[in-house]
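Spelled out, the chains give:
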Amino acid sequence: RSIRQRVAKFIENRDGYSADPNSIFLTNGASAAIQMVLTAVISGPQDGILIPIPQYPIYSALIALLRGQRIGYELVEENNWGLDMDCMKRSVDQARADGVNPRACVVINPGNPVGSVLTHEQLTKLVIFCKQEGLMLMADEVYQENIYCDKPFVSLKKVVRDLGPEYDDFELVSFHSTSKGMIGECGRRGGYMEMVGVCPGVQSHVLKLASSQLCSNLNGQLMVDLMLNEPKPGDASHTAWKEEKDKIFNSLLRKSKMVYTKLNSIKGVSCQQVEGAMYAFPKIELPAGAIAAATAAGHPADTFYALSLLEQTGLCVVPGNGFGQKEGTFHIRLTFLPDEDELEKALDRFELHHNAFVAEFSKGGIFVHDDELAARA
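Each value, and the rule that gives it
- Residues numbered from 1 in each chain as written.
- Predicted model: local features only at pLDDT ≥ 70, side-chain atom pairs only at ≥ 80, totals over all residues.
- Heavy atoms only, no water.
- Pairing = 2+ DSSP bridges.
- Helix = DSSP H or I, 4+ residues; strand = E, 2+ residues; numbered from the N terminus.
- Axes fitted to C-alpha atoms, helices over the stretch in contact; angles between N-to-C directions.
- Contact = heavy atoms within 4.5 Å.
- Expected span 1.5 Å × (residues − 1).
- Buried < 20%, exposed > 50% of the residue type's maximum accessible area, 1.4 Å probe, protein only.
- Arc of directions from axis to C-beta.
- Phe/Tyr/Trp six-rings, centres within 6.5 Å; stacked < 30°, edge-to-face > 60°.
- Lys NZ or Arg CZ within 6 Å of the ring centre and 35° of its normal.

A. Quick look at the sheet that holds strand β5 (residues 136–140). Sheet architecture is open: seven strands sit in the order β1-β7-β6-β5-β4-β2-β3, paired in mixed fashion. Either end of the sheet is taken by a strand with one partner, and the two such strands are β1 (24–27) and β3 (69–74). Strand-to-strand twist of the sheet, defined as the mean angle between neighbouring strand axes without regard to direction, takes the value 20°. With five bridges connecting them, strand β4 (residues 101–108) and β5 associate as parallel partners. Directly across from Ala104, in β5, lies its bridge partner Met136. Seen against the sheet, helix α3 (residues 58–65) touches β2 (47–53), β3, β4 and β5 and runs at an angle of roughly 165° to β2. Set on the sheet, helix α7 (residues 200–211) makes contact with β1 and β7 (191–196); between it and β1 the angle comes to about 20°.

B. Main features of helix α1 (residues 2–15). Compared with the 20 Å implied by 1.5 Å per residue over 14 residues, the 20 Å span of α1 between its first and last C-alpha is a close match. By the burial criterion, the buried members of α1 are Ile3, Arg4, Val7, Ala8, Phe10, Ile11 and Asp15. The buried residues of α1 occupy an angular sector of 155° when the element is viewed end-on, so they sit on one face. Looking one or two residues beyond α1, the residue adopting positive phi is Gly16, at roughly 85°.

C. Up close: unusual backbone geometry. With an omega dihedral of 5°, the bond running from Ile53 to Pro54 counts as a cis peptide bond. Positive phi outside glycine occurs at Trp81, with the angle close to 60°. Along the chain, Trp81 falls in the loop between β3 and α4 (85–97). Here Trp81 falls in the buried class, since its relative accessible area comes to 5%. A positive phi is found at Ala277, a non-glycine position, where the angle reads about 65°. Within the element layout of this structure, Ala277 appears in the loop between β8 (269–270) and β9 (279–280).

D. Representation of the sheet that holds strand β11 (residues 318–319) in the model. Ordered by their spatial adjacency, three strands build an open sheet running β9-β12-β11, and the pairing between neighbours is antiparallel. This sheet does not close on itself; its edge strands, each paired only once, are β9 and β11. Examined bridge by bridge, β9 and strand β12 (residues 332–335) share two bridges and lie antiparallel to one another. Its bridge partner being in β12, Tyr279 is matched across the sheet by Thr335.

E. Quick look at the packing of aromatic side chains. Inspection of the entire model under this criterion finds 11 aromatic pairs. Geometrically, the ring pair formed by Tyr143 and Tyr279 is edge-to-face, given 5.8 Å between the ring centres and 85° between the ring planes. Here Tyr279 lies in strand β9 and Tyr143 lies in the loop between β5 and α6 (156–162), a separation of 136 residues in the sequence. For the pair formed by Tyr143 and Tyr279, the shared burial category is buried. Geometrically, the ring pair formed by Tyr305 and Phe350 is edge-to-face, given 6.4 Å between the ring centres and 65° between the ring planes. Placement of Tyr305 in helix α11 (residues 301–313) and of Phe350 in helix α12 (residues 340–360) is noted, with a sequence separation of 45 residues between them. Assigned by exposure class, Tyr305 and Phe350 land together as buried. Of note, Lys131 hangs over the ring of Tyr167, and the distance from its end group to the ring centre comes to 5.1 Å. Looking at Arg333, its charged tip hangs above the ring of Tyr279, at a distance of 4.0 Å from the centre.

Written out as structure tokens, the structure is:
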């Protein structure tokens, strides 16, 4: 309970509104919390969950596991992967017309895989929409420390409370994790969720579900406490801690700009500004010959591209079809976590491969193979 109280204090300091320790669940990373909530929300194949397209695949996987229905809403790439409320409304209406009961909506902010940061205005419209449609809002906020633009992170808890007493009963579940931020302690499996406005009877059943797993691991709980309650000025460790944290953040900031600039300098590659998280999700223009070759090989075109990149350069990216994407477009997700020198070299190899790949599958092109790529890099 002492750690949950400290989590509540962190939330209060962040948002300016009180938080109830009894509505905070410590979990084995955010993933375990997401699974608990979806287990409670999905009662059968008639229940649907709105998920962004592109989305982090844990949502589509768990919805399928629980026999629910995925209801996709496309993010607007040209608007830095912003929300389109008309598109969301059409998705809900179509789901209901198809006999699906929309139960909840997932939002990932900052975005994975797209690296976007949503504004207070966008989030406010989302909350109003969910209330009108009777949807619980699931806020994946695990990258809230990873902001590289002039837009601040705004929690959905703050947005809901800013809307006033009319939204006191609005159902919101927010997720946070020790796997991201500046510490990146994925293996510790620490995280939490806060339930706001949820019916006490429903919350008691979620508590029973959590209790069936006994408790989250102690290392993860302690890591949550350390992540949220950082050394303060005057503490013995503050100077060393701040120096290391600033070094990590400034490096991520530089690398986010490096990736954005480099990708947009490559013909046939376009990338929205990397505002947050740890990823870029560039769009790749592929020649008709590559699409035909991918079909012949039995692969989606962006998977075919990613496999070629891996085989020819050793660079591993995830094809956009693994996250969902607008029909007729091709993307890849890449991370900018490597050291800056290594990332710069990797981006150079990416450029050489892309140009060679396009040349090979365009009329009269000749592919440059891995030995020549290595010599040039």
